[in-house]
Amino acid sequence: MVTYASRMARLGTETAFEVLARAKALEAQGREILHFEIGEPDFDTPAHIKEAATRALRDGYTHYGPSPGLPELRAAIAEVVSKSRGIAVTPEQVIVTPGGKPIIFFTLLACAQAGDEVIYPNPGFPIYESMINFVGATPVPIPLLEGAHFSFDMERFEASLSPRTKLIILNSPHNPTGGIMSPSDVERIAEVALARGILVLSDEIYRSLQYDGTPVSIATYPGLQERTIILDGFSKMYAMTGWRLGYGVANRSLIEHFTKLMANSASCTASFIQMAGVAALRGPQEPSQAMVAAFRRRREVIVEGLNQIPGVRCAMPRGAFYAFPNIMAWQRSSAELASHLLDEAGIACLAGTAFGQYGEGYLRFSYANSEDNIRRMLGKLALVPHQPRG
Ligand SMILES: Cc1ncc(COP(=O)(O)O)c(C=O)c1O
């Protein structure tokens, strides 16, 4: 019998892709499915970005490029991040990757190992826990509580710190809850990280989708930039999920490690796609702003609609494009209910537990879908009987 490396047993996955595959299989059988499972804008990539990619192909950007990214794009990212966060970032502190996701992979590979503890939000993006386990470090989940606007449970955070804490992962605005971290919580985490010499992975991929207040990056606190890895990218802000373009910002020595990891894996990010990234950052921002405005309207529609359904309670998300309703009154596990909604009502959504054990009792709806489809989904959901089990 062929056997594979034991570390593979520690690697998790992202349920969204599995549910999407199940939903597509049902569609292939002729069923109508309303899609609320996958976290990607339903908008097309803005035309000027597509045009820049086509032009780059014509201009010969079809070869290997430097592993950390094309100088043009690293410079544009350094400028944008410096301006948006109010910190000084140089191009040497930037690495371009195929999507933002590799930055999670690279951070865990470069920074954590057996014996290290990594603090991360739960519910949270499943790749955090998967990668913490993969590198042999110990996952230390911090519950996000609905009563605290899905911010870190700070008491639990303080109690979870240990001399072994190596890395803290933050994600604000947050997937799957739509919560954002308060400046005072971020400040406290910054103090702790500085005092104890802990690294921080700040996943800011939904930064442009914060509806209230100004996003705060932990990298802006004194002494924190040096120990923070910022993850950001083009998938959500420019509707470029399929292009695979993202980046990390970190201190130069960490960027050198990440560059080696790039050289050992993808070699580099596709050159013509990086040129499209330059156009995205330097070109007109109105298409992105229009998307954000549409998400804001849809947020109202879905949250109001969900709250009208008996047994459903949904907090107003403050960022990203996810609603995370509490369905505890339905007295079914989240996984069972999500499966039932797909099979019986043609609604594809995710169980809260797809994001960790503290997601039990919740569902995640990605409202990157038309208002019309949101209303149709709400209509169907309202008809699902929700008696307690057996
Ligand atoms: C919290 C979070 N981080 C990172 C990513 C990775 O995005 P991408 O690799 O498409 O840039 C996602 C995608 O869903 C996400 O939700």
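Everything below is about the structure shown above.
Residues numbered from 1 in each chain as written. Predicted model: local features only at pLDDT ≥ 70, side-chain atom pairs only at ≥ 80, totals over all residues. Heavy atoms only, no water.

Novice: Would you mind showing me how to read the overall build of the protein here?
Specialist: Looking only at helices and strands, one finds 12 helices and 13 strands in the protein. Expected size for 390 residues packed as a compact globule is a radius of gyration near 21 Å; at 21 Å, the protein falls within 12% of this value. Projected onto the principal axes, the alpha-carbon positions of the protein cover approximately 60 × 55 × 55 Å. When burial is assessed residue by residue, the protein has 56% of its 390 residues classed as buried. Long-range contacts, defined here as pairs at least 24 residues apart, represent 73% of the contacts in the protein between residues at least 6 apart. A total of about 16,400 Å² of accessible surface is found on the protein, and carbon and sulfur atoms cover 54% of it. (Helix = DSSP H or I, 4+ residues; strand = E, 2+ residues; numbered from the N terminus. Rg over C-alpha atoms; globule rule 2.2 N^0.38 Å. Buried < 20%, exposed > 50% of the residue type's maximum accessible area, 1.4 Å probe, protein only. Contact = heavy atoms within 4.5 Å. Areas by Shrake-Rupley, 256 points an atom, 1.4 Å probe, with all protein chains shown as cover.)

Novice: Would you mind showing me how to read empty space enclosed by the protein here?
Specialist: One simple way to see leftover space: roll a probe sized like a water molecule over the atoms. This structure, assessed with the given rule, holds 2 cavities of 30 Å³ or more. Here the largest cavity defines a volume of roughly 100 Å³. For the largest cavity, the lining is made up of 13 residues, of which S172, S202, E204, V216 and S217 are closest to its centre. Among the secondary structure elements, those contributing two or more residues to the lining of the largest cavity are β6 (165-171) and β7 (199-203). Roughly 60 Å³ of internal volume is contained in the second largest cavity. Lining the second largest cavity we find L144, F150, S151, F152, N171, H174, G179, I180 and M181. Class assignment for the residues of the lining of the second largest cavity results in 5 nonpolar, 4 polar and no charged. (1 Å grid on protein atoms, 1.4 Å probe; cavity = no way out; pocket = protein on both sides within 12 Å on 5 of 7 lines; lining within 4 Å. Points joined across faces, edges and corners; volume = space filled by probe spheres on them. Nonpolar A, V, L, I, M, F, W, Y, C, P; charged D, E, K, R; others polar.)

Novice: What exactly am I supposed to notice about the nonpolar core here?
Specialist: Grouped burial of nonpolar side chains is what soluble globular proteins tend to show. One finds L108 and F365 to be the most contacted residues of the largest nonpolar core, which totals 67 residues. Filtering out sequence-adjacent residues up to four positions away, L108 remains in contact with V118, M131, I132, V135, L167 and I169. (Core = buried A, V, L, I, M, F, W, Y, C linked by side-chain atoms within 4.5 Å.)

Novice: Explain the sheet that holds strand β10 (residues 322-323) to me, please; I cannot follow it from the model alone.
Specialist: Hydrogen bonds along the backbone pair up the strands of a sheet, which may run parallel or antiparallel. Strand order in the open sheet formed by 3 strands is β10-β13-β12, with antiparallel pairing between adjacent strands. The outermost strands of the open sheet, each flanked by one partner alone, are β10 and β12 (350-351). Sheet analysis places β10 next to strand β13 (residues 363-366), joined by 2 bridges and oriented antiparallel. Along β13, the bridge assignment pairs A323 with F365. (Pairing = 2+ DSSP bridges.)

Novice: Whenever I open this one, the environment of Y4 confuses me. Can you help?
Specialist: The topology assignment puts Y4 in the segment before α1 (15-28). With 338 residues separating them in the primary sequence, Y4 and L342 have C-alpha atoms 34 Å apart.

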